[in-house]
Amino acid sequence: MANSSPAKKSVLWDWLTTVDHKKIGIMYFLAGLFFFAVAGLEAILMRIQLMFPEMSFLGEQTYNELLTMHGTTMLFLAAMPLFFGFMNFVVPLQIGARDVAFPFINSLGFWLFLFGGIILNVSWFTGGAPDAAWTSYVPLSSDSPGHGVDYYVMGLQVSGAGTLMSGINFLVTIVNMRAPGMSMMRMPLFTWSTFVTSMLILFAFPALTVGLLLLMLDRIFGGAFFDVAMGGNVVIWQHLFWIFGHPEVYILILPAFGIFSEVISTFAKKRLFGYSAMVFATLIIGFLGFMVWAHHMFTVGMGPVANAIFAVATMAIAVPTGIKIFNWLLTLWGGRIRFTVANLFALAFIPSFVMGGVTGVMLATSAANYQFHDTYFVVAHFHYVIIGGSVFGIFAGTFYWWPKMFGYRLSEAWGKWFFWLFLIGFHMTFFVQHFLGLMGMPRRVASYLDGQNLNDLNFISTMGAFFMGTAFILLVINVLISRKNTENTDDPWDGRTLEWATTSPVQEYNFAQTPLVRDLDALFYEKMNGDGRMKAAEPLGDIHMPNGSILPIFIALGLSIASFGVIYYSWPVIIGGLVVTFFTMMLRSVIEDHGYNIPVSEITGEKGEDK
Amino acid sequence: MKHMLKLLPFSLILLLAGCGMENLSALDPRGPVAEMQLSLIQLSLYIMIFVIVIVFSIYAFVLIRFRERPGDTHIPKQVHGNRTLEFIWTTIPILLLLLLAIPNVMDTFTLADTGIPDEGVDEELLDEDDEVQDYVVIEAHAHQFWWEFVYPDLGVNAGQDMYIPTDTRVIVELEASDVIHSFWVPALAGKQDNVPGITNDLWFEAPEEGIYMGKCTEICGPSHWLMDFKVVAVDPDTFDSWAETMAEPPEDQLEPEGEVAVEGRDIFVENCIACHAIGDEGGNTGPNFTNYSERTVVAGFLEYSDDNLHDWIRDPDSLKPGNEMPGFGEEAISDDEMDALIEYINTLSVLDE
Amino acid sequence: MADNQVVEPQVLPPNPEKATLEGRNKFLGFWFFLGGETVLFGSLFGTYLGLRTSTEGGPGPSELFHLDLVFIMTMILLTSSLTSVFAIINMKRGNFNKLLIWMWATVALGVAFLSFEIYEFYDYYFNYGLGFTVSAFASSFYTLVGTHGAHVAFGVGWITTLLIRYRKAGITLANAPKFYTAVLYWHFIDVVWVFIFTVVYLLGAGG
Ligand code: HEM
Ligand SMILES: [Cu+2]
Ligand SMILES: [Cu+2]
């Protein structure tokens, strides 16, 4: 690719300083994939421990650490960043923008996430990872000896700050940066779900911030929030955590819904059925997501009135979710369905997620929840929605957008092996766990006693986990061996939305001329009613781009240093870290950055290269 | 026929492994509360199976009928939507959910109402003759990683085994002394949490005698998985005599017969009684020992045997990591002393049989 | 207005803070940010309400709070909001000098508020023995009010930086959004204080 930046830089420097949403997207994606592999390995270790009763493969303490890190890593460091990768890469393209609203903050968000993830995982090497589960209920977490839980607190605080920034960035990008003609009701569903997801992030994460703050104050600065002997109240943590935590599960599923809507409509060659109902359902789910947090607390003793209200409110969410399922089915109806790997994942999602959804309604039944709660039934339920929903969405998106992101197509043949193995392994692992729960197996147990009729199903479950692990290896191989498939990558799937109107790999300015959007599925409309290319909404001209910057890394680094200061309670380190951060922020606001221009000549020169 | 239908959804699991272990499984309820909960689970399951069948049929039809055939290049009609359909698939789920929500709300209130008399006697506690039915109140104090059962009206403190009379309403008041735990006896009743600083309650009944398995379901530390307990349902007369003896242990426990047991008693007083009480003599840092030999397991999970008792006393932490009991090595209790101690422990019983 | 030549007032659009895309982005992004801040303070308020009676024998609201002091603090902060409004009005009129003056007034009031707050905490700590670790009430009180105080301090620092950096720049399309968002932030912490005044102090002193 021709170098359009003012000065030549090394590749590494380029990536460290980039503010390009596409590169940031790719970094999110790769970091997310790495953490996914780590957390997957942790899961396999746990499943080996649970393969037979009373195994001593792992000690109890190690099991609890793996459990905590698996859950925390999967949710905060794998699933969310993987979605952020797609959002960053795809959303500006889908709305016909040259960039996001705040490129600098975007890159800061990424580095904060990455440093937060690193902080969390450093705990493995400094005497023990956090061990109070991903929910870190007090007082187990506030009394947990060692520094593990401190790492949890600070790691999540740092990466959470990054997440919040990214959320605001997406919101403003989507509201302000749409191409001419791209009204809100013409936005692709993935962009819509990014919008609603970002809203959820914005209003949910601060509750976690406060929860973590209180936990930090209690653990390190002698606070009494959760110390019953000092008048503290341990249920406050649960409320704060779940006011964040329930929206969080929708943060994890809505982007997947968006991806499925794109993939299903593309591979059925049909407009999304009931587009406005889909948008509306997404909004309602987002809204109701804030009304139901206490369904995680039915057994805490909130009383029958609260339990009944939260039970009914939770059931209500099933309605918009059902609407979505039927709309997808009707999108397929009458279509011409192609079974590409991306679509296979989208299609497998429907039954898998329906199964996770119905167990969700069962769990919402408060009186029955007393039996389900904190048993393997719950483990089965949330893996059905998280893997059958979020992870299938991530894999569908991976196969769908890979050519656009990396400039080559993944092998369909290897992809199908991967798909089937993963699908079978997934159901094998988690289907039986529903029964384990009802047969008396609590959740978060480091082992189980022999002679309780739990052995067979646990063994089956572990076998399934091995299938999934093997499948993941096939995906990695696929990524490595498919690099030669570089032909037909601009629009390999006969796409409908704007990202397929760009070249692969995408030019750094995305569109030489901002496109004019004339209908939903803008590109498909031009394919049907125009010449198959987007009309331009502006004359060709110089394009102004922001400069890269190394400052985000330093801001994130400063905060990480301060975090270690907190963990080991050292004021000089805390202050030193904060000084680095604030000084860098000062630099940022004092140094005027005017960006640079890409001259027309260069744009037309490059433009000539594409077909 | 009706019975068959009830079993249908669980047929798969019946094939696989029965319904789980007797007196442990929520699928095989042994009391009215667990039965109520299972029937609610079944109701929700039927409704959900109905939904699943519909979705899966449409799904299968669509995938078969509309898959791309070789050579097919037509562009499908770009349908926008359909108001009627949308109306249908909004209202029907709402109706289905109401079908589930209403009984659920009713059950939720029923389960929350223990009917403790000082809150006004609940009608359900009255039998046919309008007499207040018998009930027993038990405080369940959860500790890392064991259970203490206090019978405030009977002056009894029992460790690990919760004795209850059959056919009597049992009202459990849940408390925690360190972190959050959760009290679950799947075959009798769903769980409620033991939360520090808060007292929760629940009730259940056991019509049949038997030993029911209980578990802690809230992660509470390394040995969370070993925090089991037992609910022992005995007939009301036996219960009464059990409670009486527990409150006032027989002389021979304080002054046992037999030389070895006397020595064991001394060792117990020297090393153990500060944490493990007998009757009301001693501390409660560990489980009460008054009826120890009637336990079926040591420490909540090890089969009851002299060897296991020995191993446990020597090094509890290796068996149940993170628990509060110190180990007693040979310098503290010699092998001979240990035998005496175990012999004494084996005499601790309150039931006649 | 001889000294106001950097930018001709009539050249500036009527809403200079929203004239550029960057300005609009900043403006909108800041509103979203304040939405998140609302949840943050909401969570802290909830925590405080849950713990405000848990004094565990330590000093409690009715002994501690002096409404006269808090009333003065409230007035100071409300006035500072007013001065910041004047600043923005002058910005829209293109009157850079008056913008600076009113902004400095805002900063001064902010500093005054902070001084009172520091005095208040000092008083509670040394004269009443209300340490942070004394009770759940103490922890939640200091955390809620302290977080607000930290916001005020940050606002003072932010506005001061702007004022120093742009002391000679005049109103431009680049700095108008910055002043505007800073003032928005200032209003926000003012509103939060009104809630603290009501929920913490009035409710506390009232029993
Ligand atoms: C390879 C696939 C996976 C396997 C075999 C697996 C297995 C497990 C196991 C064994 C547990 C511990 C359950 C317990 O002890 O109670 C667990 C917990 C959990 N898993 Fe997974 N998991 C997988 C994928 C995922 C994914 C993709 C996510 C989310 C994106 C996820 C999220 C969680 C969470 C949140 C917990 C709860 C952690 C806690 O209780 O603190 N898992 N998983
Ligand atoms: Cu939830
Ligand atoms: Cu426990």
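Procedures and definitions
- Residues numbered from 1 in each chain as written.
- Chains lettered and ligands numbered in written order.
- Predicted model: local features only at pLDDT ≥ 70, side-chain atom pairs only at ≥ 80, totals over all residues.
- Heavy atoms only, no water.
- Helix = DSSP H or I, 4+ residues; strand = E, 2+ residues; numbered from the N terminus.
- Buried < 20%, exposed > 50% of the residue type's maximum accessible area, 1.4 Å probe, protein only.
- Contact = heavy atoms within 4.5 Å.
- Areas by Shrake-Rupley, 256 points an atom, 1.4 Å probe, with all protein chains shown as cover.
- pLDDT = per-residue confidence, 0-100.
- Pairing = 2+ DSSP bridges.
- Axes fitted to C-alpha atoms, helices over the stretch in contact; angles between N-to-C directions.
- 1 Å grid on protein atoms, 1.4 Å probe; cavity = no way out; pocket = protein on both sides within 12 Å on 5 of 7 lines; lining within 4 Å.
- Points joined across faces, edges and corners; volume = space filled by probe spheres on them.
- Nonpolar A, V, L, I, M, F, W, Y, C, P; charged D, E, K, R; others polar.
- Donors = N, O, S within 2.8 Å, 3.2 Å for Na, K, Ca; no water.
- Tetrahedral: all angles 85-135°; square planar, octahedral: opposite > 155°, others 65-115°.
- UniProt positions renumbered as here; feature names shortened; annotations may be inferred.
- Salt bridge = Lys/Arg side-chain N within 4 Å of Asp/Glu carboxyl O.
- Domains from an automatic or database assignment.
- Buried area = accessible area lost by both parts, 1.4 Å probe.
- Polar contact = N/O pair within 3.5 Å; in protein donor to acceptor, adjacent residues only side chain to side chain.

A. Focus on the overall build of chain B. Looking only at helices and strands, chain B has 10 helices and 13 strands in total. Counting all 353 residues of chain B, 53% fall into the buried class. A fraction of 64% describes how many contacts in chain B between residues 6 or more apart in sequence connect residues 24 or more apart. Total accessible area on chain B is roughly 16,100 Å²; 55% of this is exposed by carbon and sulfur atoms.

B. Representation of the confidence of the model for chain C in the model. Residue and element names in this part refer to chain C. For chain C, per-residue confidence averages 89 on the pLDDT scale, and 94% of positions sit at 70 or higher. Confidence over residues 1-10 falls short of pLDDT 50; this stretch has 14 contacts with residues more than four positions distant or in other chains. Here the prediction assigns the complex a pTM of 0.93, and the interface score ipTM is 0.93.

C. Inspection of the sheet that holds strand 2 (residues 135-143) of chain B at higher detail. All names here are of chain B. Reading across the sheet, the five strands line up as 4-3-2-6-9 and stay open at both edges, with mixed pairing between neighbours. Across the chains shown, the open sheet's two edge strands, defined by having one partner strand only, are strand 4 (156-159) and strand 9 (200-204). For this sheet the average axis-to-axis angle between neighbouring strands, irrespective of direction, equals 25°. Sheet analysis places strand 2 next to strand 3 (residues 146-151), joined by five bridges and oriented antiparallel. Within strand 3, the position partnered with Ala-140 by the bridge is Phe-149. The strands touched by helix 5 (residues 236-247) within the sheet are strand 2, strand 3 and strand 4, with strand 4 carrying the most contacts at an inclination of about 95°.

D. Geometry of empty space enclosed by the protein. Going through the model one piece at a time under the given rule, you end up with five cavities of 30 Å³ or more. Around the largest cavity, the lining comprises 13 residues; the ones closest to its centre are A:Leu189, A:Ser261, A:Glu262, A:Ser265 and A:Asp521. The space that makes up the second largest cavity amounts to roughly 80 Å³. The wall of the second largest cavity is formed by 14 residues, among which A:Pro442, A:Ser447, A:Tyr448, B:Lys215 and B:Trp225 lie closest to the centre. Of the residues in the lining of the second largest cavity, the class split is eight nonpolar, four polar and two charged.

E. Spatial organisation of the coordination of the iron atom of ligand 1. Residue and element names in this part refer to chain A. Listed as protein donors to the iron atom of ligand 1 are His-70 (NE2) and His-383 (NE2); their distances from the metal cover 2.0 to 2.1 Å. The site at the iron atom of ligand 1 holds six donor atoms, and with the angles between them running 87 to 180°, its shape is octahedral. Residue His-70 is located in helix 3 (residues 60-94), and its partner His-383 is located in helix 13 (residues 376-406); the two are separated by 313 residues in the primary sequence. As far as the burial class goes, His-70 and His-383 line up, both buried.

F. Examining the UniProt feature "transmembrane region" (unreviewed entry) in chain B more closely. Residues and elements named next belong to chain B. Using the residue numbers shown here, the UniProt feature "transmembrane region" (unreviewed entry) corresponds to residues 43-66 and 87-106. For residues 43-66, the helix share is 96%, the strand share is 0%, and the end-to-end C-alpha distance is 35 Å. For residues 87-106, helix accounts for 100% and strand for 0%, while the C-alpha atoms at its two ends are 29 Å apart.

G. Region of the structure containing the pattern of salt bridges. Residue and element names in this part refer to chain A. Summed over the entire model, instances satisfying the criterion amount to 19 salt bridges over all chains. Here Asp-521 ties to Arg-496 by a salt bridge, and the two come within 3.0 Å at their closest N and O atoms. Residue Asp-521 is found in the loop between strand 1 (515-516) and helix 16 (522-529), and its partner Arg-496 is found in the loop between helix 15 (455-481) and strand 1; the two are separated by 25 residues along the sequence. Relative accessible area serves as the criterion here: at 11%, Asp-521 is assigned to the buried category. Among the salt bridges present, the one from Glu-526 reaches Arg-518, with a minimum N-O distance of 2.9 Å. For Arg-518, a relative accessible area of 31% gives the class partly exposed.

H. Broad picture of the pairing of strand 2 of chain B. Residues and elements named next belong to chain B. Burial analysis of strand 2 places eight of its nine residues in the buried class, which makes it a mostly covered element. Alignment of strand 2 against strand 6 (residues 169-176), held across eight bridges, turns out to be parallel. Paired with His-141 across the two strands is Glu-175, which belongs to strand 6. If you look at the hairpin formed by strand 2 and strand 3, you'll find two residues sitting between the two strands.

I. Summary view of the coordination of the copper ion (ligand 3). Residue and element names in this part refer to chain B. Taken together, His-181 (ND1), Cys-216 (SG), Cys-220 (SG) and Met-227 (SD) make up the full set of protein donors to the copper ion (ligand 3), lying 2.1 to 2.4 Å away. In this structure, the copper ion (ligand 3) is coordinated by four donor atoms arranged in tetrahedral fashion, with angles at the metal of 90 to 122°. In the primary sequence, the donor residues of the copper ion (ligand 3) line up as H-x34-C-x3-C-x6-M. Of this pair, His-181 sits in strand 7 (residues 181-185) while Met-227 sits in the loop between strand 10 (210-216) and strand 11 (228-234); the two residues are 46 residues apart in sequence, bridging distant segments of the chain. Assigned by exposure class, His-181 and Met-227 land together as buried.

J. Inspection of the arrangement of the chains at higher detail. There are two pairs of chains in contact here; the most contacts are made by chains A and B. There is no contact between chain B and chain C; across them, the least C-alpha separation is 12 Å.

K. Quick look at the domain arrangement of chain B. Residues and elements named next belong to chain B. We note that the domain assignment places domain 1 (23-50 + 88-115 + 132-234) and domain 2 (251-345) within chain B. The gap between the C-alpha centroids of domain 1 and domain 2 is 30 Å. Facing 16 residues of domain 1, the contacting portion of domain 2 comprises 19 residues. Buried surface at the junction of domain 1 and domain 2, both sides included, amounts to about 1,400 Å², of which 51% is carbon and sulfur. The largest per-residue losses of area from domain 1 upon contact with domain 2 belong to Trp-146, Gln-160 and Leu-226, which jointly make up 32% of the total buried on that side. Scanning the region where domain 1 abuts domain 2 turns up zero salt bridges. Remark: the boundary between domain 1 and domain 2 carries five residue pairs in polar contact (both at pLDDT 80 or more). At the level of secondary structure, the elements contributing two or more residues to the side of domain 1 that touches domain 2 comprise strand 3, strand 4, strand 5 (161-165) and strand 11. The greatest single-element share of the side of domain 1 that touches domain 2, amounting to three residues, is contributed by strand 4. Along the lines of polarity and charge, the residues of the side of domain 1 that touches domain 2 split into seven nonpolar, five polar and four charged.

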